[in-house]
Amino acid sequence: SSNENVRISAATSLCDKMKKLEFPESDNKLRELMLRFGDDKKLQSIALMKLSDAAISAQKMCVAEKVADEILSFGTNAYPAANLSAGYIKMENAYSRRDYAGVEKIVFSIFRNRSDIPLGIGAKISKMRLPSENIIAIIDAIRSRVAQAALAGSPQFQTIAENAGIEVVALLCAAGRIEESLSECRVLTSLSGSVGYKNAILAA
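Residues numbered from 1 in each chain as written. Predicted model: local features only at pLDDT ≥ 70, side-chain atom pairs only at ≥ 80, totals over all residues. Heavy atoms only, no water.

Caption draft 1: Quick peek at the overall build of the protein. Looking only at helices and strands, the protein features eleven helices and zero strands. A globule of 204 residues ought to have a C-alpha radius of gyration of about 17 Å, and the protein, at 19 Å, matches this closely. When the backbone C-alpha atoms are referred to their principal axes, the protein occupies close to 50 × 40 × 25 Å. The buried share of the protein, taken over its 204 residues, is 42%. Taking as baseline every contact in the protein between residues at least 6 positions apart, the subset at least 24 positions apart corresponds to 60%. Across the protein, the 26 positively charged side chains and the 23 negatively charged ones have centroids separated by 2 Å. (Helix = DSSP H or I, 4+ residues; strand = E, 2+ residues; numbered from the N terminus. Rg over C-alpha atoms; globule rule 2.2 N^0.38 Å. Buried < 20%, exposed > 50% of the residue type's maximum accessible area, 1.4 Å probe, protein only. Contact = heavy atoms within 4.5 Å. Lys, Arg positive; Asp, Glu negative; His and termini not counted. Charge placed at Lys NZ, Arg CZ, Asp CG, Glu CD.)

Right, here's the structure in full:
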């Protein structure tokens with residue numbers, strides 16, 4: 001199809017079927033699909049994302065991390081969900097080694113490859129119980145992204161600010177800054193639309 005969304009949907013459906021095969025057959029079939037996808041990095045990254053899922057299910061974490069590196073090597077050419085999935089694998093691996101600065105760097109690389117702040121990333125980081133200095137550095141990066149969107153006059157500014165605000169609230173709580181997290185909720189209620197307002201109230 002000449003329609004990219006159709007290609008992505010079809011590739012995702014096909015790769016989902018392949019990843020259910022017994023490992024390493026799932027690995028082999030998904031690698032074959034990658035070749036069929038030619039030079040389309042988005043479709044290739046979808047195949048790799050499903051390959052990493054299959055590797056994790058088979059408890060082949062070394063394979064999953066190598067695949068994550070492949071996805072991240074595509075940079076912004078990768079499908080955003082694949083990039084995020086790869087980033088999360090690298091984050092978990094760095095955290096398991098107690099490399100907290102490494103987790104922080106990986107989060108920054110996720111941000112560089114996206115125009116938005118991924119929903120749920122604050123909750124995911126919070127579960128890792130990072131030192132407060134690493135959490136605050138990530139919060140500063142999120143706030144900087146919101147400021148950049150405002151200065152650039154982004155038409156998606158409100159959505160970016162609402163989503164980022166919820167992630168900041170979760171991270172401030174994880175850093176032990178409860179009063180500041182409540183202040184962030186107050187800011188959110190003043191700028192949010194109906195859905196964002198509900199989320200801000202629930203967060204508060």
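Caption draft 2: Up close: the confidence of the model for the protein. The predicted model of the protein averages 93 in pLDDT, with 100% of residues at 70 or higher. Per-residue pLDDT, averaged within each element of the protein, yields its smallest value for helix α11 (residues 194-203) (88) and its largest for helix α3 (residues 41-57) (96). (pLDDT = per-residue confidence, 0-100.)

Caption draft 3: Structural context of the side chain of Q44. Its place among the elements puts Q44 in helix α3. Within polar-contact distance, the side chain of Q44 engages the backbone oxygen of G38 at 2.3 Å. Apart from the residues lying within four places of it in its own chain, the contact partners of Q44 are M34, F37, G38, D39 and F74. (Polar contact = N/O pair within 3.5 Å; in protein donor to acceptor, adjacent residues only side chain to side chain.)

Caption draft 4: Broad picture of the environment of L48. Structurally, the position occupied by L48 is in helix α3. Along the backbone, L48 and L202 are 154 residues apart, and their C-alpha atoms lie at a distance of 36 Å. If we ignore the near neighbours within four places in the chain, the residues touching L48 are R31, M34, V67, E70, I71 and F74.

Caption draft 5: Quick look at the packing of α3 against helix α4 (residues 61-73). For the pair α3 and α4, interaxial distance at closest approach is 8 Å and the crossing angle is 165 degrees. Comparing the axis directions of α3 and α4 gives the class roughly antiparallel. Where α3 crosses over α4, the handedness of that crossing is left-handed. Of the residues in α4, those in contact with S45, L48, M49, L51, S52, A55 and I56 of α3 are M61, V63, A64, V67, E70 and I71. Of the residues in the contact of α3 with α4, the class split is ten nonpolar, two polar and one charged. (Axes fitted to C-alpha atoms, helices over the stretch in contact; angles between N-to-C directions. Parallel < 35°, antiparallel > 145°, perpendicular 65-115°, else oblique. Left-handed = near helix turned anticlockwise from the far one by under 90°. Nonpolar A, V, L, I, M, F, W, Y, C, P; charged D, E, K, R; others polar.)

Caption draft 6: Quick look at unusual backbone geometry. The step from F23 to P24 runs through a cis peptide bond, and the omega angle for that step is 10 degrees. Summarising the element assignment, P24 is placed in the loop between α1 (4-19) and α2 (25-36). Unusually for a residue other than glycine, Q59 sits at a positive phi of about 60 degrees. Position of Q59 among the secondary structure elements: in the loop between α3 and α4.

Caption draft 7: Seen up close, the environment of V146. Tracing the chain through its elements places V146 in helix α8 (residues 132-151). For the pair V146 and G165, spaced 19 residues apart in the sequence, the C-alpha separation amounts to 9.0 Å. Setting aside its immediate chain neighbours within four residues, V146 contacts F157, I160, A161 and A164.

Caption draft 8: Expanded view of α2. Over its twelve residues, α2 runs 17 Å from end to end, which matches the ideal 16 Å to within 8%, given 1.5 Å per residue. Along α2, the residues classified as buried are S26, D27, L30, L33 and M34. Viewed along the axis of α2, the buried residues span an arc of 125 degrees, placing them on a single side of the element. Facing away from the buried surface of α2 by more than 90 degrees, the exposed residues are L35 and R36. Where α2 is buried, its residues meet α1, α3 and α4. (Expected span 1.5 Å × (residues − 1). Arc of directions from axis to C-beta.)

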